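Each chain, letter by letter, is given below.
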Amino acid sequence: MAKFVYRMQNILELKKKIEEQEKANFGMATARYNEEQQKLRDIMIKQAGYERQLRELTVGDIDIKEIKTCKNAIASMKVALRAQMIEVSKAQKAMENARKKLNAVMMERKMHEKLREHAFEEFLDEIDREESKITDELVSYTYFNTENERE
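Below is a summary of the structure that appears in this document. (Residues numbered from 1 in each chain as written. Predicted model: local features only at pLDDT ≥ 70, side-chain atom pairs only at ≥ 80, totals over all residues. Heavy atoms only, no water.)

## Quick notes on the overall build of the protein chain
Note the cut-off: Per the convention used, a helix needs a DSSP run of H or I reaching at least four residues, while a strand needs a run of E reaching at least two, with both numbered from the N terminus. The size measure is the radius of gyration over C-alpha atoms, and the globule rule it meets is 2.2 Å times the number of residues to the 0.38 power. Between buried and exposed lies partly exposed: a residue is buried under 20% and exposed over 50% of the maximum accessible area for its type, with that area taken using a 1.4 Å probe on protein chains only. The criterion used for residue contact is that any of the two residues' heavy atoms lie within 4.5 Å. All accessible areas in this document rest on Shrake-Rupley with a 1.4 Å probe, and a residue is counted as covered only by the protein chains that are shown.
From N to C terminus, the protein chain includes two helices and zero strands. Over its C-alpha atoms the protein chain spans a radius of gyration of 36 Å, topping by over 25% the 15 Å that the globule rule assigns to 151 residues. By principal-axis analysis of the C-alpha atoms, the protein chain measures approximately 130 × 25 × 15 Å. In the protein chain, which comprises 151 residues, the share counted as buried stands at 22%. The long-range share in the protein chain, meaning contacts at least 24 apart out of those at least 6 apart in sequence, stands at 84%. Total accessible area computed for the protein chain in this model is approximately 11,800 Å², and 56% of it derives from carbon and sulfur atoms.

Here's what the structure looks like:
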């Protein structure tokens, strides 16, 4: 029996490898986004801690030096929070770009797989036609041989 050989198999394999690379890129972009989100949460927690500490410092004995230190820490946390929000936004954009690339590559691979399936179906149809032709030739041969023997 004939063996099916897809003439663009090397392209399909290349598309699969590219897809794997894009999956890895998307995974790294997602991991970076998650890291940046975690850093943002940590900064928010620190800021809330400083704000709580400031409220505690304003009750009871007042230590101006401690209050100023705490206010400066809160101000620096606000700056760090804004900077981290920008980093989160950049990471999110990078993740979305990686997702778009991955989707495009996946669509290309699926298109090539559909082409391969179509070529395989054509191959099977060709084999069926050849088998039918051989069967018809056999039937014709046996019919004519039996006719000739009867005469």
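Here the narrative resumes, following the displayed structure.
## Some points on the environment of glutamine 47
As for its placement among the helices and strands, glutamine 47 is situated in helix α1 (residues 9-57). Assessed through its relative accessible area of 10%, glutamine 47 is described here as buried. For the pair glutamine 47 and cysteine 70, spaced 23 residues apart in the sequence, the C-alpha separation amounts to 9.9 Å. For glutamine 47, the contacting residues outside a window of four places in its chain are Ile74, Met77, Lys78 and Leu81.

## Thoughts on the environment of arginine 82
Within the fold, arginine 82 resides in helix α2 (residues 64-150). Sequence separation between arginine 82 and leucine 40 is 42 residues, and the spatial gap between their C-alpha atoms is 9.2 Å.

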